[in-house]
Amino acid sequence: RDSAGICRDLSRAGRSMNPSLLYRRGIQPARLFLPAAIAIDLNPASLAFIAPGGSCRHFQLAPSLLLATKNSLPRYFPIRSCPNSSILSLSRSTSDSPSTHGSSAVRSIKPLPLPTESKFQLLSFYHFLPISQPDKFRDTLFERLKTISGLRGTVYIAKEGINAQFAVPTGESLDNLLQVFGRKEGGCLPFDIFEKNPPNMGNVVDSDTPTFGRLVVRTRDYILRDGINLNDEEGGDSSLDWSDAGIELDPSEWDEQLRKPKHRQLLDCRNKYESDRGSFVSAKPLNTQTFSDTWSVLDSQMKSQYLDPSEPVYIFCTGGIRCVKVGAYLRQHLGFDDVRSLRHGIIGYERWNGDDGLGIAESENDGGCSSNDDANNNQKERETLWVGENFPFDKRCVDTSDNKS
């Protein structure tokens, strides 16, 4: 991986744990960061750049790690010798080429720069379906996607399905991308991703708008890690059927039903930092810190009779994928008969309502819809039920100030 990604991951991990707590549990933090350690060679100067003023002691507790790192470098870098001072720069220069030493969980490439007048279409989609060989699927898809000029974004592939977000140059590149995921001539997949839902089309942005820096196709255990742990009465694992998650409402249906003057259960299924930025009128946030907290919150609300399974419940998230899992949990585990989610999430609603908002969602979005000019004009004249901002998960959320550095 590129050095910026290593620094980002290492910094995030450092903020989320206290090394002294790990010591007391008998865990050596250096072992947790072996991939990062390989790239930076336990270099105190590099570590100081990641965590200014911090101690590097916990990276140096394993004396054998440095030797193991140097011995393993020839497997990952096409060089005969590797001075300590060049390791960081080598990780940057070789990251554009996939490894030739066996399969990798990640296939990645940095696209060539495009003319400044280029426009990028943001789009995203997901599809839950069994994928028996995610590694083979990943490699086939990456080889096809890397031929599309200027394409950047992230694709997650797991045994439960596929989840993708892209920024793609408009015109031929966009047409080629849509063709890859369809079953028409030129497609490379054994199914049509868009058979039931078209992609969730976001904004068209200028080439200097920060979106995705690379094209990354990676395998994961889940396309959306959920943290659900269900056990049946006999003590075995019990899984949920993602195809039984309730009904999806188009943005127009969603808007019409929410405007009716009656009490309703309306749940914001996003995390607290997202809900704090904006939400639908009268929505009740779950106030979770991570998505895996959702199930304990829902269980607690059921026990306190805050939620009534005999009444309809409306759920929404950024692009729709979280609502698939929440809807399945509400129906199959908590006994709700009537679960209604917003098709294409907040992204789709903002587009339907004539407000593009911030466009693309996290590792979660699905299809889109369109309407004629008269309908758009009428929508813009009515007051939206959405209040605040939508939270993007690409690089546009990094800096919203006037400082462009």
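Residues numbered from 1 in each chain as written. Predicted model: local features only at pLDDT ≥ 70, side-chain atom pairs only at ≥ 80, totals over all residues. Heavy atoms only, no water.

Caption draft 1: Examining the overall build of the protein more closely. Summing up its helical and strand segments, the protein has 15 helices and 13 strands in all. When the 405 residues of the protein are sorted by exposure, 46% land in the buried category. Sequence-distant contacts in the protein: of pairs separated by 6 or more residues, those separated by 24 or more amount to 76%. Per element, the accessible surface of the protein, about 21,400 Å² overall, is 49% carbon and sulfur. (Helix = DSSP H or I, 4+ residues; strand = E, 2+ residues; numbered from the N terminus. Buried < 20%, exposed > 50% of the residue type's maximum accessible area, 1.4 Å probe, protein only. Contact = heavy atoms within 4.5 Å. Areas by Shrake-Rupley, 256 points an atom, 1.4 Å probe, with all protein chains shown as cover.)

Caption draft 2: Representation of the sheet that holds strand 7 (residues 247-249) within the structure. Reading across the sheet, the five strands line up as 7-12-11-8-10 and stay open at both edges, with parallel pairing between neighbours. In this open sheet, the two edge strands, each paired with only one partner strand, are strand 7 and strand 10 (284-285). One ladder, built from three bridges, connects strand 11 (residues 313-316) with strand 12 (residues 339-342); its direction is parallel. When the bridges of strand 12 are listed, Ile315 appears paired with Ser341. In the packing of helix 13 (residues 321-332) onto the sheet, contacts are made with strand 11 and strand 12, and the angle to strand 11 comes to roughly 155°. (Pairing = 2+ DSSP bridges. Axes fitted to C-alpha atoms, helices over the stretch in contact; angles between N-to-C directions.)

Caption draft 3: Quick look at the pattern of salt bridges. Taken as a whole, this structure holds 18 salt bridges when the rule is applied. Salt-bridge contacts for Arg225 lead to Asp221; the nearest nitrogen and oxygen are separated by 3.6 Å. Accessibility expressed as a relative area gives 48% for Arg225, which makes it partly exposed. With a shortest N-O distance of 2.6 Å, Arg259 and Asp255 are connected by a salt bridge. In the salt-bridge network here, residues are joined through shared partners; they are Arg107, Asp135, Arg138, Asp139, Glu143 and Lys146. (Salt bridge = Lys/Arg side-chain N within 4 Å of Asp/Glu carboxyl O.)

Caption draft 4: Spatial organisation of the sheet that holds strand 1 (residues 106-109). Taking strand neighbours across the sheet as the criterion, the six strands line up as 1-6-3-4-2-5 in an open arrangement whose pairing is mixed. Of all the strands in the sheet, the pair left with one neighbour each is strand 1 and strand 5 (200-206). In this sheet, neighbouring strand axes are inclined to one another by 10° on average, regardless of whether the strands run parallel or antiparallel. Looking at chain direction, strand 2 (residues 119-128) and strand 5 are connected through five bridges and run antiparallel. Across the sheet, the residue bridging to Ser124 is Asn200, located in strand 5. Of the strands in this sheet, strand 1, strand 3 (152-158), strand 4 (161-169) and strand 6 (215-219) are in contact with helix 8 (residues 134-145), which crosses strand 6 at around 170°.

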